[in-house]
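# Descriptive analysis of the structure
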Amino acid sequence: MVFNKRDLEKAFSPRRAKKLTEKVQLSSSESVKPSTSGTAIMSTQDTSEISIKVIVRVRPHNERELQDNSRTVVEVVDDKMLIFDPKEHETPFFFHNVAQKGRDMLKKQNKQLQFIFDRIFSSTATNTNVFEGSTKNLITSLLDGYNCSVFAYGATGAGKTHTMLGTKEDLGITYRTVAELFSEIEKQTKHREFHLGVSYLEIYNENVQDLLHKSGQLHLREDGRCGVVVAGLEPITIQSAEELLSLLAEGNKNRTQHPTDANKESSRSHAVFQVYIKIINKLDSQVQRVKLSMIDLAGSERASATGCKGIRFKEGANINKSLLALGNCINNLADGIKHIPFRDSKLTRLLKDSLGGNCRTVMIANIGPSSLTYEDTYNTLRYANRAKKIKSHAKKNVSCEMHVAGYIKIVEEQKKEIDILKSRLAAFESGTLQSSLANKPNKLMLEMHCRLTKLYEKKKDLIEKLLTLESSDKILACRILYKKDADERLHNLTTVGCVSVEEQNASGKSRINKSLHYFQRQRDSLKAQMQAIWQELCSVETEIQEINISQQKVKSFDENLQSKLSLQISDIEKCWIPNMQHHMKKFCNLLQCERQSVNTIMKVMSNTLQNYYNIVKGYGTMTDKMQLEFKELIKLLEGFRNIKWSDSDTINDEENFNVFTCLSMIGMDPLNNPMPAESEISETNDDKCDDRDTNILNSTFDATASERNNDMDNITNLCESNSHENNMLNDKFVQEIPREKTNSKMTPRKRILSDKNSENTSTPSKQIKKQLMNNKSTVQNGRVGKENMNKQKPIQMSAKSIAILNKLKSNTTNFTPLPSRHNNAEEKTDVALKVIRNKERRGLMTTHPYHKYVIGKR
Ligand SMILES: Nc1ncnc2c1ncn2[C@@H]1O[C@H](COP(=O)(O)OP(=O)(O)OP(=O)(O)O)[C@@H](O)[C@H]1O
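Rules and cut-offs
Residues numbered from 1 in each chain as written. Predicted model: local features only at pLDDT ≥ 70, side-chain atom pairs only at ≥ 80, totals over all residues. Heavy atoms only, no water. UniProt positions renumbered as here; feature names shortened; annotations may be inferred. Helix = DSSP H or I, 4+ residues; strand = E, 2+ residues; numbered from the N terminus. Expected span 1.5 Å × (residues − 1). Buried < 20%, exposed > 50% of the residue type's maximum accessible area, 1.4 Å probe, protein only. Contact = heavy atoms within 4.5 Å. Near = heavy atom within 4 Å. Polar contact = N/O pair within 3.5 Å; in protein donor to acceptor, adjacent residues only side chain to side chain. Areas by Shrake-Rupley, 256 points an atom, 1.4 Å probe, with all protein chains shown as cover. Axes fitted to C-alpha atoms, helices over the stretch in contact; angles between N-to-C directions. Parallel < 35°, antiparallel > 145°, perpendicular 65-115°, else oblique. Left-handed = near helix turned anticlockwise from the far one by under 90°. Pairing = 2+ DSSP bridges. Patch = residues over 30% accessible without salt bridge, like charges linked within 9 Å, V, L, I, M, F, W, Y side chains within 5 Å. Salt bridge = Lys/Arg side-chain N within 4 Å of Asp/Glu carboxyl O. Core = buried A, V, L, I, M, F, W, Y, C linked by side-chain atoms within 4.5 Å. Phe/Tyr/Trp six-rings, centres within 6.5 Å; stacked < 30°, edge-to-face > 60°.

As recorded in an unreviewed UniProt entry, the protein chain goes by the name Kinesin-like protein KIF18A, listed as coming from Camponotus floridanus. Entered under Subcellular location (unreviewed entry) in the UniProt record, the comment concerning the protein chain runs "Cytoplasm, Cytoskeleton". The UniProt entry for the protein chain carries the following text under Sequence similarities (unreviewed entry): "Belongs to the TRAFAC class myosin-kinesin ATPase superfamily. Kinesin family. KIN-8 subfamily."

## What to know about helix α7 (residues 173-188)
When the terminal C-alpha atoms of α7 are compared, their 22 Å separation across 16 residues agrees well with the 22 Å that a helix rising 1.5 Å per residue should span. Those residues of α7 that fall on the buried side of the exposure criterion are Ile173, Thr174, Tyr175, Thr177, Val178, Glu180, Leu181, Phe182, Glu184 and Ile185.

## Quick word on the UniProt feature "binding site: ATP" (unreviewed entry) in the protein chain
Per the UniProt annotation, the sites labelled "binding site: ATP" (unreviewed entry) are Gly154, Ala155, Thr156, Gly157, Ala158, Gly159, Lys160 and Thr161. Here alanine 155 lies in the loop between β9 (148-154) and α6 (160-164). Sequence-distant contacts of alanine 155, that is, excluding residues within four places in its chain, are made with Lys160, Gly299, Ser300, Asn366, Asp376 and Thr380.

## Structural notes on the site of the ligand
Around the ligand sit 16 residues in total, of which Thr156, Gly157, Thr161, Ser266 and Ser267 are the nearest. A distance of 2.8 Å separates an oxygen atom of the ligand from a polar backbone atom of glycine 157. Interatomic distance of 2.9 Å between a backbone N/O atom of histidine 162 and an oxygen atom of the ligand. Contact with the protein chains removes 76% of the 610 Å² of surface that the ligand exposes when unbound.

## Focus: the packing of helix α4 (residues 127-134) against α7
With their axes 9 Å apart at the nearest point, α4 and α7 run at an angle of 55° to one another. Relative to α7, the element α4 lies oblique. Judged by the sense of rotation from one axis to the other, the crossing of α4 with α7 is right-handed. Contact with α4, carried on its side by Asn127, Thr128, Val130, Phe131 and Ser134, involves Ile173, Arg176, Thr177 and Glu180 of α7 and no other residues of that element.

## A short note on the pairing of strand β10 (residues 192-204)
Burial runs high along β10: 11 of the 13 residues are buried. Here β10 pairs with strand β17 (residues 270-281) via 12 bridges, running antiparallel. Each residue of the ladder has a partner; that of arginine 192, found in β17, is asparagine 281. Bridge count between β10 and strand β14 (residues 236-237): two bridges; the pairing is antiparallel. Considered in β14, the bridge of valine 198 is made with isoleucine 236. Alignment of β10 against strand β11 (residues 207-210), held across four bridges, turns out to be antiparallel. Looking at β11, one finds that isoleucine 203 is bridged to valine 208. Hairpin connection from β10 to β11: two residues lie between these consecutive antiparallel strands, with asparagine 205 at a positive phi of about 50°.

## Quick word on helix α13 (residues 374-387)
If you check α13, its first and last C-alpha atoms are 20 Å apart, about what 14 residues at 1.5 Å a residue would give, namely 20 Å. In terms of burial, α13 is a largely internal element, 12 of the 14 residues being buried. Among all positions of α13, only Tyr374, Asp376, Thr377, Tyr378, Asn379, Thr380, Leu381, Arg382, Tyr383, Ala384, Arg386 and Ala387 are buried.

## Description of a nonpolar patch on the surface
Judged by side-chain polarity, Val598, Met602 and Leu637 come together as a nonpolar surface patch covering roughly 190 Å² of accessible area. Note that leucine 637 resides in helix α20 (residues 624-647).

## A few points about the nonpolar core
Formed by 48 residues in total, the largest nonpolar core has its most connected members in Leu297, Leu326 and Leu355. Among the elements that take part in this core, helix α10 (residues 311-335) stands out by supplying seven residues, more than any other. Leave out the neighbours within four places in its chain, and leucine 326 touches Leu297, Leu347, Thr348, Leu351, Leu355 and Tyr383. If you look at the next biggest cluster of nonpolar residues, it comprises 41 residues, including Ile139, Leu165, Ile173 and Val198.

## Let's talk about the packing of aromatic side chains
Tallied over the full model, the rule gives seven aromatic pairs. Where phenylalanine 84 meets tyrosine 378, the ring centres are 5.3 Å apart and the plane angle is 10°; that geometry is what we call stacked. Of this pair, phenylalanine 84 sits in strand β4 (residues 81-84) while tyrosine 378 is found in helix α13, placing the two residues 294 residues apart along the sequence. Side by side, phenylalanine 84 and tyrosine 378 carry an identical accessibility label, which is buried. Relative to tyrosine 383, the ring of tyrosine 153 lies with its centre 3.8 Å away and its plane at 90°, an arrangement referred to as edge-to-face. Within this pair, whereas tyrosine 153 is found in strand β9, its partner tyrosine 383 is found in helix α13, the two being separated by 230 residues in sequence.

Rendered as structure tokens:
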């Protein structure tokens, strides 16, 4: 069957199209509004529907058209609108030399049809312009995974081949598109891998032939996955756009071309150039397969125009047949009719994807400008106008291989994970789990950890309280020690010889005893508090150990929880340090106070002794021995501090020293240690006062006795190195030493001074009594030096003073008093001494001067 112009016009008749549109509008609720801008307005919500992009290109006049002086029937208004068969500039019609109104009735009326397309290229446009306005943007879609098609339609000699293939001077859009493709691929090779293959085939007389291989007739096959494929077609891999050029040239050689009246190089077949691209994403191994089809259709032709006969005529008929099928498909697609007759021709079967399927399509309608091709141009424009309404359903191509590979990968990973979990579960059930899973805290573990945290907090709190109490206890023990020292000093000075019990009681001894009792009561209270805290601490420690044991039976804590507990334990151990520091501060303050007291005592005693010395000397009762004793005393006073300091290095009983200075750390492990106070102070409650004091101060006396005994030993040694005349003084110290040195408990005090080495065999008390009587007589006889009389008049003196006085009296040698230091402290001391002496004289003194002074100072 040969199709002529009437058949084609019928196929693309706007009237027919109108009827079909009305039918569709009645049968479908979806309405398609006519496009006025070249872009169809989609009424559906399916955004994947996109219209075919329709581009019109007007070729320039060819030689024949120019020679015939034909009229231009296409006027390009702008890049989107043209007017077909525009009105001509009318020359006036004259009848009998009179210009007539109205048109020339002999002339055909101009159609003046306005067409709007996506893009219109005038006759001056180059292939570069066409490429940039048509297929350049397709490359992005192509590499995004969309199939793309470009086909050139038009009458024979309208410039389809020129647009698609071009010339050497002006390469066509096929080459330019592939060149752009390679350019884009080059930019994406870092993340994606590309494999390109090209094929070039022709449909000639309804036969499919491979233009790049001599393969004979090929057959089209429907593939459910990939659509229509050409069986036996062998794509050729290319690496650059330049390779494509040679391939196209080679293919074109094989293409069926014959000269016709309309076109010297008329293509008698539909040429289909396809680029197959396999894209592999390097990151996730995703594979995409896309296809770019570029089709140079054979031109529709009128037999009269081509002048073809015979074979050429048959060719033309086949061409028209396939184009007619294409027109029918386009009409149905544009009208939204479900049945599309793709199978009517091999061309439509091959273009199935490009027109109505998964593809982004660009149609380039080529037209001639001349009135000589008036009908062809008109038909082509109507054809293109219909094609605008076609909507394709483009979607991204994602290879099934990617899904399978992805699923395989996921399945393998999950299998590995299941194996790991199974092995962990087995280990957990067998109780040998050491993995990180085993250490993950569960609810029970978290509860245990929470309880342990609270217990450790409580333990720290209790230990801090215990250390505070222990510090207070040690300070109290030290104060008791100093009180005992004061008592001893007082005792030595007030219980000499004839001093009565009343006088002794009237001294500061009873007050000291009261203080001692008070301190002891305080220590008892502290001890009771420590006892309570200690018991609480023991119960907390027991609970901690129980939790630890039960927790270890289940499983150990994970690293995080364990490190938190370790931190708490470390905090508990460290809390000893600030408490110890605080205790040392208090202890040093106490030592400083005591040192000041002792210094004051020494000053006062030195002044007193000097006064007495002067009195005795004034009375002329100073003996040599007294004077020697005085000198030795001065020597001792001078060197006393030095000896003290050097002795501090000789402390060898470190444990006893630590009793006062160091706080114990046994609270850290209460279950394996006794309470701090119990470890240091023995419990005996025999006597009320002395024994009790002794018990309380067991540790205290041990420490200080040792220390002091060292002092005494040193002093003794020093004295022995001098002369035998020091013996009396030595004996004085020596007889005190055994009380502290040999007994941990305080022994009853010896109140009689003995001097075995003394020439005088009488007891010191007797001597004192004797001397006291002598002094009394001396005083009564008024033999008192004027100087001394002016300063003081001793009427009543304490027994100790009298004893010292007698000693001084026995010293007959002259002694120059030490130069007094004129400073404020000494002046104050002198004033205090005067007050004391006056009291002594009046017999009003009820306490020891030192004691009163010191108390007043404090
Ligand atoms: N835009 C243009 N600029 C310059 N010359 C053109 C242009 N378009 C077409 N021609 C020329 O017109 C002639 C016919 O063009 P072409 O062969 O491309 O037509 P065709 O549509 O492919 O015809 P057929 O369908 O018969 O193959 C050629 O000699 C070509 O060089």
